[in-house]
Amino acid sequence: MLVLRFGQQNRLIRACIGSAPRTIDAVAIYSIHSGLTMKLHDQVALITGSARGLGWEMLQAFAQEGAKVVICDLSQSDVDAAAVRLGLPVEKVLAVKADVTSEHEVSELFNRALEKFKRLDILVNNAGFAWPRGGPVNLELAETPLDVWRRVLDTNLTATFL
């Protein structure tokens, strides 16, 4: 593995850009940079709520730094699509449908991750929301139905405990 001291990476990237016959975009530069560092090489990261939004962005960042990743979200089709979009080899990714408010599904999620990767180094409890999809939005607290309140608390608070 190539390890460069602080500052050497930027000089190498500038040298690559200066000798390139065409313009290199920011994504290509970041790819060169992350290919040199791989700070999370072979670490295993599980990110809940990682099929979209901030979870998806974190998942990509962990993968770009060399981590093996576990994708977790509410829909199997969403986690499968995220795994395809990510484009990692199957040995570096696990896509699991799990409702983080279900103790059984959380237990199964961790069992599957440990079965495949034999360990877990990083956990990001990202799953959360303010209002259910397709449900009421921008409600005043006094107008919030109790079942909505409980789903928000179960996802944002209890799930972290599980």
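A few points on the structure.

Moving on: the sheet that holds strand β4 (residues 122-124). The strands making up a sheet associate through backbone hydrogen bonding, with each pair oriented either parallel or antiparallel. Across the sheet, which stays open at both edges, the four strands sit in the order β3-β2-β1-β4 with parallel pairing between neighbours. Strands with a single pairing partner mark the edges of an open sheet, and in this sheet they are β3 (93-97) and β4. If you compare each strand with its neighbour and ignore which way they point, the axes differ by 15° on average. Sheet topology note: the strand β1 (residues 44-48)/strand β2 (residues 68-73) ladder contains five bridges and is parallel. Within the sheet, the bridge partner assigned to Leu46 lies in β2 and is Val70. On the sheet, helix α3 (residues 53-64) packs against β1, β2 and β4 and is oriented at approximately 170° with respect to β2. Against the sheet, helix α5 (residues 103-117) contacts β1, β2, β3 and β4, and its axis sits at roughly 165° relative to β3.

Looking now at unusual backbone geometry. Glycine aside, negative phi is the norm for most residues, and most peptide bonds take the trans geometry. In this model, Asp42 sits at a positive phi of 65°, which is unusual for a non-glycine residue. Of note, Asp42 is situated in the loop between α2 (26-37) and β1. Residue Asp42 is classed as partly exposed on the basis of its relative accessible area, which comes to 28%. The phi angle at Lys118 is positive, at roughly 70°, despite the residue not being glycine.

Time to look at the packing of aromatic side chains. Each aromatic ring pair is described using two quantities: the centre-to-centre distance and the angle formed by the ring planes. All told, the structure shown has zero aromatic pairs when counted by the stated rule. Sitting over the face of the ring of Trp56, Arg85 holds its NZ or CZ atom 4.1 Å from the ring centroid.

Turning our attention to α5. Over its 15 residues, α5 extends 21 Å from the first C-alpha to the last, a length consistent with the 21 Å expected when each residue adds 1.5 Å. Of the positions making up α5, those classed as buried are Val106, Leu109, Ala113 and Phe117. Down the axis of α5, the buried set is contained in an arc of 55°. They therefore lie on one face. Of the residues in α5, the exposed ones pointing more than 90 degrees away from the buried face are Glu103, His104 and Glu115. The elements touched by buried residues of α5 are β1, β2 and β3. A positive backbone phi angle near 70° is found at Lys118, which sits one or two residues after α5.

As a further point, take the nonpolar core. Grouped together as the largest cluster of nonpolar side chains are 18 residues, with contacts concentrated most on Ile47, Leu59, Phe62, Val69, Ile71, Leu86 and Val93. Elements with a minimum of two residues in this core: β1, α3, β2, α4 (76-86), β3 and β4. When residues no more than four places from it in sequence are discounted, the contact partners of Val93 are Val69, Ile71, Ala83, Leu86, Leu88, Lys116 and Phe117. If you look at the next biggest cluster of nonpolar residues, it comprises 13 residues, including Leu94, Ala98, Val106 and Ala113.

Two elements in contact, α3 and α4, have axes whose closest approach is 11 Å; the angle formed by their N-to-C orientations is 40°. Compared by their axis directions, α3 and α4 come out oblique. Handedness of the crossing formed by α3 with α4: right-handed. Between α3 and α4, the contacting residues are Trp56, Leu59, Gln60 and Ala63 on the first element and Ala82, Arg85 and Leu86 on the second. For the contact of α3 with α4, a count of residues per class yields five nonpolar, one polar and one charged.

Reading the values: rules and limits
Residue numbers run consecutively from 1 along every chain, following the written order of its sequence. In keeping with the predicted nature of the model, local features appear solely for residues at pLDDT of at least 70, side-chain atom pairs appear and are counted solely at 80 or more, and the whole-chain, interface and lining totals rest on all residues. Based on all heavy atoms of the structure, the side-chain values leave hydrogens and waters out of the count. Pairing between two strands requires that DSSP report at least two bridges joining them. Starting at the N terminus, helices and strands are each numbered in turn, a helix being any DSSP run of H or I of at least four residues and a strand any DSSP run of E of at least two. Axis lines are fitted to C-alpha atoms, over the contacting stretch for helices. Their N-to-C directions set the angle, which ranges from 0 to 180 degrees. We call two residues contacting when some pair of their heavy atoms lies within 4.5 Å. For the exposure calls, accessible area comes from a 1.4 Å probe over protein chains only, and a residue counts as buried if that area is under 20% of its type's maximum, exposed if over 50%, partly exposed in between. Pairs were defined over the aromatic rings of Phe, Tyr and Trp, the Trp ring being its six-membered one, requiring ring centres within 6.5 Å. Orientation was assigned from the angle between planes: stacked under 30 degrees, edge-to-face over 60, tilted for the rest. In this scheme, the term charge over a ring applies when either NZ of a lysine or CZ of an arginine sits within 6 Å of the ring centre and within 35 degrees of the ring normal. An expected span of 1.5 Å times one less than the residue number is assigned to each helix. The directions considered for the arc are those from the helix axis to the C-beta atoms. In this text, buried Ala, Val, Leu, Ile, Met, Phe, Trp, Tyr and Cys residues form a nonpolar core when linked through side-chain atoms within 4.5 Å. Should an angle lie under 35 degrees it is considered roughly parallel, over 145 roughly antiparallel, and from 65 to 115 roughly perpendicular; all remaining angles are considered oblique. Less than a right angle of anticlockwise turn of the near helix away from the far helix marks a crossing as left-handed, whereas a clockwise turn marks it as right-handed. Three residue categories are used. Nonpolar comprises Ala, Val, Leu, Ile, Met, Phe, Trp, Tyr, Cys and Pro, charged comprises Asp, Glu, Lys and Arg, and polar comprises the others, including Gly.

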